Amino acid sequence: MRVSYNLFEEVYRCLMETALDEKVQQLQMLQQHWTEGAFNFEPTKTLHKVPDAGRPDKPDLVPPKELPRRRLGSKEGHAALMHSILHIEFNAVNLALDAVYRFQDMPREFYRDWLGVAGEEAYHFQMVREHLYHLGYEYGDFPAHNGLWVTTYETDHDPLVRMALVPRTLEARGLDVTPSMIQKLRAVGDKRGVEILKILLNDEIGHVEVGTRWFRYLCHQRNLNPFDTFTDIVKNYFHGDLKGPFNFEARQDAGFSDEEIDWLKSLETAS
Ligand SMILES: [Fe+2]
Ligand SMILES: [Fe+2]
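Each chain carries its own residue numbering, running from 1 in the written order of its sequence. Labels are handed out in written order, letters beginning with A for the chains and numbers beginning with 1 for the ligands. Per-residue local features are limited, in this predicted model, to residues with pLDDT of at least 70; the limit for side-chain atom pairs, both in listing and counting, is 80 or more; totals at the level of whole chains, interfaces and linings are taken over all residues.

The way it works is that DSSP assigns letters per residue, a run of H or I at least four long becomes a helix, a run of E at least two long becomes a strand, and they are numbered from the N terminus. From N to C terminus, the chain includes 10 helices and 2 strands. Helices and strands appear in the chain in the N-to-C order β-α-α-β-α-α-α-α-α-α-α-α. All radius of gyration figures rest on C-alpha atoms, and the globule criterion is 2.2 Å times the number of residues raised to 0.38. Here the C-alpha radius of gyration of the chain, 19 Å, is about what a compact globule of 271 residues would show, namely 18 Å. On the principal axes, the C-alpha backbone points of the chain span a range of 60 × 45 × 30 Å. When burial is assessed residue by residue, the chain has 38% of its 271 residues classed as buried. Here, residue contact means that the backbone-derived C-beta atoms of the two residues sit within 7 Å. Counting only contacts in the chain whose residues sit at least 6 apart along the sequence, the fraction spanning at least 24 positions is 78%. For every residue, the other C-beta atoms within 10 Å of its own C-beta are counted; 20 or more classify it as buried, 12 or fewer as exposed, and values in between as partly exposed. C-beta atoms are placed from the backbone.

Structure below.
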């Protein structure tokens, strides 16, 4: 008889795992079980709130204002920038896992997609971690902020709101800001850093696209207008202003509609 694992329980265990290497290993196991078709999709009896997902003691989490300034001119500033990217990738693993665990009545393809995203985030994490190591630092050597997880936690009541705000707003910001980071790294001669960020940018388009696809799926299911729904959610829930400059080309590739692009353009002009 084939052993069957419960997808949601296993994903929850990985989400709450605090040790870095252990977490990556568990994730590989999840993917292997997925490929083997070894999961059952029985909803769990309790659905845990996760105000704080599994993460190591370090980095210390501080408000964004208290983060060190990242001037690329110094070795430390350069490393601080890589560290902030590394922290985002770490959180991105957790937020992809949380999407799987939390929304237990979605089609199987939803879990396939988000487990796939989690795998890519872990790959990004490992790549950036190694690069940071070459710069002489490790994950946890700088403080970091918790914005990504806070929004994930605040959107745990509804996959529609989650898709709108986490992949389509926060991860999409990555598409906007990465090109200028690539330029900065190029200016300081960090070839490997440039190479890594290009991979990240390309993969992130795919993650935002996954968010777009499931956002539209849920809108369709609930008979909602995707444009009105998206803009309402951003206006009502998003902390701070959505400000340009936006990477319209990447956002288009990630499934943003012409109407959404025009709306973003109007925000850009307004700011
Ligand atoms: Fe990533
Ligand atoms: Fe991502």
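On we go from here.
For the bond running from K58 to P59, omega is 5°, close enough to zero to count as cis. Note that P59 resides in the loop between β2 (39-40) and α3 (75-102). The omega torsion of the bond from G244 to P245 falls at -5°, within 30 degrees of zero and hence cis. Residue position: P245 is located in the loop between α8 (226-237) and α9 (248-253). Phi angles above zero are rare outside glycine, and N223 is one such case at about 60°. Judged by local crowding, N223 falls into the exposed class, with 6 C-beta atoms found within 10 Å.

Relative to the helices and strands, E121 is located in helix α4 (residues 108-134). For E121, a count of 26 C-beta atoms within 10 Å corresponds to the buried category. Considered as a pair, E121 and V93 are 28 residues apart in the sequence and their alpha carbons are 5.3 Å apart.

Before going further, it helps to examine the nonpolar core. In plain words, the nonpolar core is the set of buried Ala, Val, Leu, Ile, Met, Phe, Trp, Tyr and Cys residues that C-beta atoms within 7 Å link up. Counting 60 residues, the largest nonpolar core has V11, A96, L97, W114 and A118 as its most contacted members. Where this core is concerned, the elements lending two or more residues are α1 (7-16), α2 (20-36), α3, α4, α6 (159-187), α7 (191-221) and α8. A per-element tally of this core places α3 first, with 16 residues. Once you skip the residues sitting within four places of it in the chain, A118 turns out to touch L27, V93, A96 and L97.

With that settled, the discussion passes to the packing of helix α5 (residues 147-154) against α6. Working convention: axes come from line fits to C-alpha atoms, limited for helices to the stretch in contact. Angles between N-to-C directions cover 0 to 180 degrees. As a packed pair, α5 and α6 sit with axes 9 Å apart at the nearest point and diverge in direction by 155°. The orientation of α5 with respect to α6, classified from their angle, is roughly antiparallel. Along the contact surface, α5 presents L148, T151 and T152, while α6 presents L165, V166 and L170. Roughly parallel means an angle under 35 degrees; roughly antiparallel means over 145; roughly perpendicular covers 65 to 115; every other angle is labelled oblique.

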